[in-house]
Amino acid sequence: MAKNTSLYFRIVEGRNLPAKDVSGTSDPYCIVKVDNEVVARTATVWKNLNPFWGEEYTLHLPMGFHSLSFHVMDEDTIGHDDVIGKITLSKESIGSQAKGLDSWMNLTRVDPDEEVQGEIHLSLELLKDTEKISLRCQIIEARDLAPRDISGTSDPFARVIFNNHSAETSIIKKTRFPHWEETLELELDPEELSEEGAVTVEVWDWDMVGKNDFLGKVRMTPLVQGWFRLLPLGNNEVDAGGKLGALRLKVRLVEDRILPSVYYQPLIDLLVDALTMLEEVTTVESRQDVAMTLVKIYLGQGLVVPFLDYLNTREVNHTTDPNTLFRSNSLASKSMEQFMKAVGMLYLHEVLKPIINRIFDEKKYIELDPCKIDLNRCCLGAVSEAEVRESSVEMLQSYLTSIIESIVGSVDQCPPVMRVAFKQLHKRVEEQFAEPENEDVKYLAISGFFFLRFFAPAILTPKLFQLRDQHADTRTSRTLLLLAKALQSVGNLGLQLGHGKEQWMAPLHPIILRSVASVKDFLDKLIDIDHDIVTVKEGYLLKYKTEGPLLLSRFAFKKRYFRLTSETLSYAKTPDWQVGMKLCVCAVERVDENAFQQQNVMQIISQHNDGQLHTMYIQCKNVNELNQWLSAIRKVSIYNERMLPSFHPGAHRSGKWTCCLQADRTVTGCSRTHSAVTLGDWSDPLDPDVETQTIYKQLLQGRDKLRLVQKTDHKQLQSTCSSLTGH
C-alpha cells in the first residue's frame, strides 16, 4: 500500500513590502520551495509594494516532505535579484489544520545558516582497547548540498565534534556531491564516556576570503551508519514584526493511502453509472476538482469522448429551456472546461499568443466607458474624450478582428479529440432542440464552451493560461477586459447585444454581428471529423546537441518540437514532421546549473534496444515549464520497472562528471532520483490509482446522501466502497 501526500497552495497577495529600488517601490515575485527544491515561481508584479498574484498549485509527493517555504524576491534587470524575506511552514504545522491554513503571515529574514539541504553518508562507532578509547567516524560522501559559490557549487569539508575534540576532512573543490571516503578518529578520556552528549558532524563550504559558509549538520550517538538529512544550525527565525511585509497564503495538506490498482478496478467500472450520484454528493466548490480528476481518469483510459458524451447527453435531456443550457456549474460544464484545458492549451497558445503579445507590447490607453476616461493618463497633448473614445474604438476593432480571424482560421490546429467531443455535443443538442426556432442552439452549445469558457478567460488573464510570464499592468488589463467582453458577445452570436447595461460597448456591435456567419461556418468545419488522437503534452524545447564537434554551451541547445504520448516521446524540427522514438524512461531529473552554465535544464535517461543507457539534455524556458515537463514524463513512466535509483545531476564533460568530479562515465549516480514527485494540475497526465482514490473519498464522504437516493446500483456501490475500506 503506497502513501501519497498532496500539497495544495495558493499565493494570494502581499502587503507592505519594503522598497528595494531607488524609485521607492519593488518588483516582487515568489519562489516556492519544498525541502529547498524550487517547485514554482510566480509572475513579477512590477513597481508594487502590495502585489496580487492569485496563483495556485498542487503537488503530489509520494515520498513526503519536511518543509514548504515561500521566498519573496525583488527582480532586478541588472545584477542579482534582492531577497525580501520568506515564510517557512513545516509539514506538521500544515497538517495540524484539518481545513488547511488561510491567513496573512509576516515575512522573516533569510538566514543563510537556515537555508541548508542535502544528506551525508557516514558511520560512527566507539572503539575501546587496553591502551586507548577513540571515536571513529567514517565520512563517505554527501549529496545535494546547497550551492554557496557564484559557480553554483561549493567547496565542502566535514568536521566531527565531540566535547572539546574535533577533526576535519579534506576540502573538495567545486562540487555539491563530494566523495571523501575518509576516516576521522577522536581520542577520548575514559571519564568522557560517562558524560551526556551527542556527536556533531558539520558540513561547511570553504572560502579563501572571508568566513566559511555553513552547509548543515547532524547530531547522533555512536553505532549508527547510513544516510542522514542535514539540519540547519538551529537559529530561531525572528519575526520582523511586519517590517518586511506579509503574504496571504492558502495551504492544505492531504495524505492518502493508495491501494494496488486491482482494488480500484470495480470502482472504475462503476463510475460511468455513478456519475449522477457524484453530482449529488459533491459541493459546488469540490465539483471542479472532481471534474478534473474524472477527465484525467478517462483520458488515461482512452474513453474521454464517451465520458463527456454521457454527461452532456444527460444535461441536454434534462434541460427544457435552451437559454439555460450549460449555464450552471454542473459536473458536465466543469468537465468540459477541464477537458479543454487538458488537451487544448498548446492550441490556445498558437491562436492567441501573437495578438496577446501585440497588446502587451503596444500598451495603448483604451477606454469606452465615459465614466472611466482619464485624459491625464491617456497620452501627451490636449485631447478630448471624444478623441479618446474614437481611437479606442479603432484599436479595439483592430484587436478584435485579429482575434476572431485567428480563431475562425484555426480548424486544422484544434486538437482532434476536442473536435470529436464537440461533434458529439452538437449531435445531442440538435436531437433535443430540433425545432426551427432553436436553430442556433447547437452552435451556442459549442461556442459557449469554446469562446466563453476557454478563449475569453485566457484573454482576460493571460498569465493564468501561461500566455505571458507576467500579469498585465492596469492599462493593459483594461484593454483585455474589454476584448474579453466583446469575445463573449461573439460566443453568444450577438443575440444579447443592446440588452445589457454597458451601452457604451455599442461601437463594437457591428463587428460582432458581422462575425456571426464566419463563426458558424467555423463551428461547422470544426465538427467535420471522424477520429480522435490524444496527446499528453507537446511544445517547443531546446535539445542539447551531443553529436558532432563540442560547442560552447549557449550554442549547443537547438530548438526542437517535442510530443509526449502515453508510450512515446518524439521530437523534430517542426510540429508537422515527427520522428517517433519510443523511450523506456529510466529517470527524468533536473540538471545542475553549473553543468552547462544554463538554468532550467532537465535530463531524460532512457534504455534503448541495445540495452545501454542514453541521456538526453533538454532546456525549458522557465522553472514552471521545467516542472510541468518533469511531472508529465514521470507520470507517463510511473509503472516502468526499470527506473533508476540514482543519477548524476551534472554532465560528463572534460573527462569527469561536473557534479561528483568522478572520471568514470559509467559510475553509479551520486544523487537519488525523484521520479515520484509530480505536479497535480490539468497539464499532467494521470496517476490512475491516485485519481480513483480521490473519487472514492468523495463517494465515501457522501454515502449518507447516497443512502437517501433509491437507485438500483446502490448495493453495488456500497459493496465497492466497503471492499476498499476493508483494505
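Residues numbered from 1 in each chain as written. Predicted model: local features only at pLDDT ≥ 70, side-chain atom pairs only at ≥ 80, totals over all residues. Heavy atoms only, no water.

When its secondary structure is counted, the protein shows 16 helices and 28 strands. Classification of the 727 residues of the protein by burial places 51% in the buried group. Taking all contacts inside the protein whose residues are at least 6 apart in sequence as the whole, residues at least 24 apart take part in 69%. (Helix = DSSP H or I, 4+ residues; strand = E, 2+ residues; numbered from the N terminus. Buried < 20%, exposed > 50% of the residue type's maximum accessible area, 1.4 Å probe, protein only. Contact = heavy atoms within 4.5 Å.)

Turning next to the pairing of strand β11 (residues 165-168). Note: strand β10 (residues 156-162) against β11, 4 bridges, orientation antiparallel. Looking at the pairing, Val160 lines up with Ala167 of β11. The turn linking β10 back onto β11 is made up of 2 residues, and Asn163 within it adopts a positive phi angle of 50 degrees. (Pairing = 2+ DSSP bridges.)

Right, let's talk about the environment of Pro156 for a bit. Along the chain, Pro156 turns up in strand β10. Judged by its relative accessible area of 0%, Pro156 falls in the buried class. On a C-alpha basis, the gap between Pro156 and Thr169 in space is 9.2 Å, while along the polypeptide they are 13 residues apart. Other than its neighbours up to four places away in sequence, Pro156 contacts Leu145, Ser170, Ile171, Ile172, Thr175, Pro178, Trp180, Val203, Trp204, Asp205 and Leu215.

Formed by 87 residues in total, the largest nonpolar core has its most connected members in Phe339, Leu352, Phe422, Phe450 and Phe455. Within the residue set of this core, elements represented by two or more residues are α3 (284-301), α4 (304-317), α5 (331-362), α7 (385-408), α8 (416-432), α9 (441-460), α10 (474-491) and α11 (509-526). Per-element accounting of this core gives the leading share, 16 residues, to α5. For this core, the two domains that each supply at least three residues are domain 3 (259-292 + 688-726) and domain 4 (302-527). Contacts of Leu352, omitting those with residues within four sequence positions, involve Ile403, Phe455, Ala458, Ile459 and Leu467. Ile11, Cys30, Val45 and Val251 belong to the second-largest nonpolar core, a separate cluster that totals 30 residues. (Core = buried A, V, L, I, M, F, W, Y, C linked by side-chain atoms within 4.5 Å. Domains from an automatic or database assignment.)

In this section: the packing of aromatic side chains. Going through the model one piece at a time under the given rule, you end up with 18 aromatic pairs. Judged by centre distance (5.5 Å) and plane angle (50 degrees), the rings of Phe450 and Phe522 are tilted. In this pair, Phe450 sits in helix α9 while Phe522 sits in helix α11, placing the two residues 72 residues apart along the sequence. This pair shows no difference in class: Phe450 is buried, exactly as Phe522 is. Each residue in the set Tyr347, Phe422, Phe450, Phe451, Phe454, Phe455 and Phe522 is aromatic and connected to the rest through ring pairs, giving one cluster. In this structure, Lys559 is placed above the aromatic ring of Tyr540, and the distance from its NZ or CZ to the ring centre is 4.6 Å. (Phe/Tyr/Trp six-rings, centres within 6.5 Å; stacked < 30°, edge-to-face > 60°. Lys NZ or Arg CZ within 6 Å of the ring centre and 35° of its normal.)

Another aspect to go through is the pattern of salt bridges. Summed over the entire model, instances satisfying the criterion amount to 27 salt bridges. Taking the shortest distance from any N to any O, the salt bridge between Glu337 and Lys334 comes out at 4.0 Å. Residue Glu337 and its partner Lys334 are both found in helix α5; the two are separated by 3 residues, about one turn of the helix. Taking the relative accessible area as the measure of exposure, Lys334 reaches 12% and is therefore buried. Residues participating in the shared-partner salt-bridge network are Glu13, Asp102 and Arg248. (Salt bridge = Lys/Arg side-chain N within 4 Å of Asp/Glu carboxyl O.)

Tracing the chain through its elements places Leu215 in strand β14 (residues 213-220). The sequence separation of Leu215 and Leu145 amounts to 70 residues, and the corresponding C-alpha distance is 6.8 Å. Not counting residues up to four positions away in its chain, the partners in contact with Leu215 are Val116, Gln117, Leu145, Ala146, Arg148, Ser154, Pro156, Val203, Trp204, Asp205 and Leu230.

We now examine the packing of α9 against α10. Direction vectors running N to C along α9 and α10 enclose 175 degrees, while the axes themselves pass 8 Å from each other. The orientation of α9 with respect to α10, classified from their angle, is roughly antiparallel. Residue-level inspection shows Leu444, Ser447, Gly448, Phe451, Leu452, Phe455, Ala456, Ile459 and Leu460 of α9 in contact with α10, the latter providing Leu480, Leu481, Leu483, Ala484, Leu487, Gln488, Val490 and Gly491. Here the residues of the contact of α9 with α10 are counted per class, giving 13 nonpolar, 4 polar and no charged. (Axes fitted to C-alpha atoms, helices over the stretch in contact; angles between N-to-C directions. Parallel < 35°, antiparallel > 145°, perpendicular 65-115°, else oblique. Nonpolar A, V, L, I, M, F, W, Y, C, P; charged D, E, K, R; others polar.)

A separate point is unusual backbone geometry. Its identity is not glycine, yet Gln466 carries a phi of approximately 60 degrees, on the positive side. Summarising the element assignment, Gln466 is placed in the loop between α9 and α10. One non-glycine residue, Gln597, lies in positive phi territory at about 55 degrees.

What follows is about the sheet that holds β14. One open sheet holds the 4 strands; their spatial order is β11-β10-β13-β14, and the pairing between them is antiparallel. Of all the strands in the sheet, just β11 and β14 have a single pairing partner and so form its edges. The mean angle between the axes of side-by-side strands here comes to 20 degrees, regardless of whether they run parallel or antiparallel. Of the pairings in the sheet, the one linking strand β13 (residues 199-205) to β14 comprises 7 bridges and is antiparallel in character.

Looking at chain direction, strand β17 (residues 537-544) and strand β23 (residues 613-619) are connected through 2 bridges and run antiparallel. Looking at β23, one finds that Lys543 is bridged to Ile618. Where strand β22 (residues 601-607) and β23 come together, 7 bridges link them in antiparallel fashion. By the bridge assignment for β23, Gln607 is matched with Leu613.

Moving on to the confidence of the model for the protein. Per-residue pLDDT for the protein has a mean of 83; in total, 82% of the residues score no lower than 70. Counting interchain partners and residues more than four positions distant, the pLDDT-below-50 stretch residues 682-686 has 25 contacts. (pLDDT = per-residue confidence, 0-100.)

Looking now at the packing of α5 against α10. Axis separation between α5 and α10 bottoms out at 9 Å; the angle between their running directions is 140 degrees. One element, α5, and the other, α10, form an angle in the oblique class. Crossing hand, α5 versus α10: right-handed. Every residue of α10 that contacts α5 at Ile356, Ile359 and Phe360 is listed here: Thr476, Thr479, Leu480 and Leu483. (Left-handed = near helix turned anticlockwise from the far one by under 90°.)

Within the secondary structure, His71 is located in strand β5 (residues 67-74). Among the polar contacts made by the side chain of His71, one reaches the side chain of Glu115 at a distance of 3.1 Å. If near-sequence neighbours (up to four positions away) are discounted, His71 is found in contact with Tyr29, Cys30, Ile31, Lys33, Gly85, Lys86, Val110 and Glu115. (Polar contact = N/O pair within 3.5 Å; in protein donor to acceptor, adjacent residues only side chain to side chain.)

Let's shift gears to the sheet that holds strand β2 (residues 28-34). The strand order across the open sheet built from 4 strands is β3-β2-β5-β6, with neighbouring strands paired in antiparallel fashion. Each end of this open sheet is capped by a strand with a single partner; those strands are β3 (37-41) and β6 (82-90). Sheet twist, expressed as the average angle between the axes of neighbouring strands with direction ignored, equals 25 degrees. Here β2 pairs with β3 via 4 bridges, running antiparallel. Within β3, the position partnered with Val34 by the bridge is Glu37.

Across its 18 residues, α10 extends 26 Å between first and last C-alpha, which sits within 8% of the 26 Å expected from 1.5 Å per residue. Along α10, the residues classified as buried are Thr476, Arg478, Thr479, Leu480, Leu482, Leu483, Ala484, Ala486, Leu487, Ser489, Val490 and Gly491. The inward-facing, buried residues of α10 contact α5, α7, α9 and α11. (Expected span 1.5 Å × (residues − 1).)

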